[in-house]
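Observations on chain architecture
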Amino acid sequence: MSTDKVSVHGGWASRWVFVLAATGAAVGLGSIWKFPYMVGVYGGGAFVLVFLACIALIGIPVMLAETLIGRRTRQSPANALRDLALEAGHSPRWSWWAFAGMVTALLILSFYSVVGGWSFDYIINMGRGDFQGVTADQVGGYFNGVISDPWRLVLWHSLFMLLSALVIARGVVAGLEKSLRIMMPLLFLLLVILLGYSLTTGHFMQGLHFMFDFDTSRLLDGLLPAMGHAFFSLSVGVGSLLIYGAYMPKDASIGGTIVAVALLDTFVSLLAGLALFPIVFAAGLNPSEGPGLMFVALPFAFGNVAFGQLMGVVFFVLVAVAAWSSAISLLEPMVAYLVERTGVRRGWITTWLAFSCWLVGLGTVFSFNIWQQARFFVNDGSGFQLYQWGVSGGLDFFGVIDFFTSRVMLPLGGLCFVIFAGWIMGREAVRDELAMRSPLLFALTFFLMRYVAPFGILVVFAAQLWK
């Protein structure tokens, strides 16, 4: 298949726009809080080294697989796997896996929009000074008040989904590229502002030691978390990188570009930790309380440090931008696929898909309030129940969607793409697309793609299910 094809959706102006797009897909809510927290808890600098090794052995091979498949076909994930499978003499049913990945992306977007929408509420209330001088219990009560109000959550969920749909509906150049050229520099600017502020708190060195002290005694406990986060933090497994790869310029080096994306994503995560933990320490908080306290611990911290009101607004704008850039990458694969298959205008398809995600997202909204007592997959001792009301245990609607997508479909999606590139496309097709000058480097890359990355993903998959 020729690599001089052009996507019907358009293309990026340069390889650096692809870098911005792929980094925007990868940098999300987890990058801003979860990764820095994990660094501090699992051994500091030792964890960073293990994480980087996992990125190299698992993350980058899967990213390469998705991107080269996309650029070779210039099509959406399902159509790309179908055509390449037929070209290689294999079953077109490989496209089913890619289609499942695109559905997974929409399911993730349905709850990502709800959580991302919370940041809008916090931007407004932080700006009004509602968190100034509050206690930790008061902030916790505020958060419980937000999630227990279904109509409030519906409002922010609707606004977040609308903003994501508007970007996608405008197309690759006018929508995605133009917005990413603004969003990603803004994200870096906000991070730098926060970092500059953290230098003035008097606790910067304490934050630095928390994140980078080399503690090998906790490293073994952090091995599987490092593998899992290396895989999940790069936005692989749902076809986002594949469709972004379809818009990648022909003369751009896939290998060098993907390495740049992986390093930039890691850099942003580390920068977020260096910016946030000094503020946490300045407020006298314990940074090891957990990654789920973004909407409790940090508002309290900003409410009890100098200039915290302004910096709190900056932080939650950062959170909103990071969530927004990730959200549009989740919607694009299915939109591109349906445009290719039906010929219907992008605006109409985006509208209906966004509405569908919004509708499913209401289940997540209600999981925190009016459906709070609804439980799925309950084991009450007498047997396994698919659904029960008013019992303890089991999962709520949000928990079901989160478990199914993050612990089952994401690993399987990544496994599908890397096996397809390593075993179905064939060595020569991969060599032709990667166009690496060094035969030794290509041999190492192909070995990682064929053997190491699939094994690592299976380990992560088994560990997630066991957990």
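Residues numbered from 1 in each chain as written. Predicted model: local features only at pLDDT ≥ 70, side-chain atom pairs only at ≥ 80, totals over all residues. Heavy atoms only, no water.

So, on to the overall build of the protein. Scanning the protein for helices and strands turns up 18 helices and two strands. Scaling as 2.2 N^0.38, a compact globule of 467 residues should have a C-alpha radius of gyration of about 23 Å, and the protein matches this with 22 Å. Taking all 467 residues of the protein together, 58% fall into the buried category. Only carbon and sulfur atoms are counted for the fraction: they give 67% of the accessible area of the protein, which is about 18300 Å². Here the protein carries 25 positive and 23 negative side-chain charges, and the mean point of each set is 9 Å from the other. (Helix = DSSP H or I, 4+ residues; strand = E, 2+ residues; numbered from the N terminus. Rg over C-alpha atoms; globule rule 2.2 N^0.38 Å. Buried < 20%, exposed > 50% of the residue type's maximum accessible area, 1.4 Å probe, protein only. Areas by Shrake-Rupley, 256 points an atom, 1.4 Å probe, with all protein chains shown as cover. Lys, Arg positive; Asp, Glu negative; His and termini not counted. Charge placed at Lys NZ, Arg CZ, Asp CG, Glu CD.)

Quick look at the environment of Ala-262 now. Along the polypeptide, Ala-262 turns up in helix α12 (residues 254-282). With relative accessibility at 2%, the residue Ala-262 sits in the buried group. On a C-alpha basis, the gap between Ala-262 and Leu-234 in space is 7.1 Å, while along the polypeptide they are 28 residues apart.

Quick look at the layout of surface pockets now. In this structure, the largest pocket encloses a volume near 1700 Å³. As for the largest pocket, its lining consists of 49 residues, of which Gly-30, Lys-34, Phe-111, Asp-402 and Ser-406 are closest to the centre. Of all the secondary structure elements, the ones that give two or more residues to the lining of the largest pocket are α1 (15-26), α2 (29-41), α5 (94-127), α6 (136-147), α10 (223-232), α14 (308-342), α16 (397-424) and α18 (439-466). Of the residues belonging to the lining of the largest pocket, the class tally is 31 nonpolar, 13 polar and five charged. Size it by volume and the second largest pocket reaches roughly 380 Å³. Along its surface, the second largest pocket is lined by 23 residues, and Ile-254, Gly-255, Gly-256, Met-436 and Leu-441 are the ones closest to its centre. Those elements that place two or more of their residues in the lining of the second largest pocket are α3 (45-73), α12, α17 (427-434) and α18. Counting residues per element, the lining of the second largest pocket draws most heavily on α3, at five residues. The class makeup of the residues in the lining of the second largest pocket is 13 nonpolar, five polar and five charged. (1 Å grid on protein atoms, 1.4 Å probe; cavity = no way out; pocket = protein on both sides within 12 Å on 5 of 7 lines; lining within 4 Å. Points joined across faces, edges and corners; volume = space filled by probe spheres on them. Nonpolar A, V, L, I, M, F, W, Y, C, P; charged D, E, K, R; others polar.)

The next point concerns unusual backbone geometry. Of note, Phe-307 is a non-glycine position whose phi angle comes to about 60 degrees, a positive value. Position of Phe-307 relative to the elements: it lies in the loop between α13 (297-302) and α14. Backbone geometry places Phe-377, a non-glycine residue, at a positive phi of 55 degrees. Mapping Phe-377 onto the fold places it in strand β1 (residues 374-379).

Take the packing of α1 against α12 next. Contact geometry of α1 with α12 gives a least axis separation of 9 Å together with a crossing angle of 40 degrees. Compared by their axis directions, α1 and α12 come out oblique. Note on packing geometry: the crossing formed by α1 with α12 is right-handed. On the side of α1, the interface is formed by Arg-15, Phe-18, Val-19, Ala-22, Thr-23 and Ala-26, while α12 contributes Gly-256, Thr-257, Ile-258, Val-261, Leu-264 and Asp-265. Class assignment of the residues belonging to the contact of α1 with α12 gives a composition of seven nonpolar, three polar and two charged. (Axes fitted to C-alpha atoms, helices over the stretch in contact; angles between N-to-C directions. Parallel < 35°, antiparallel > 145°, perpendicular 65-115°, else oblique. Left-handed = near helix turned anticlockwise from the far one by under 90°. Contact = heavy atoms within 4.5 Å.)

Considering the arrangement of structural elements, one finds Glu-66 in helix α3. Among buried charged residues, Glu-66 stands out as having no salt bridge; its nearest opposite-charge side chain is Arg-71, 14 Å away. Reaching out from Glu-66, the side chain makes a polar contact with the backbone nitrogen of Leu-242 at a distance of 3.2 Å. Residue contacts for Glu-66: discarding those within four places in its chain leaves Val-236, Gly-237, Val-238, Gly-239, Ser-240, Leu-241, Leu-242 and Phe-417. (Salt bridge = Lys/Arg side-chain N within 4 Å of Asp/Glu carboxyl O. Polar contact = N/O pair within 3.5 Å; in protein donor to acceptor, adjacent residues only side chain to side chain.)

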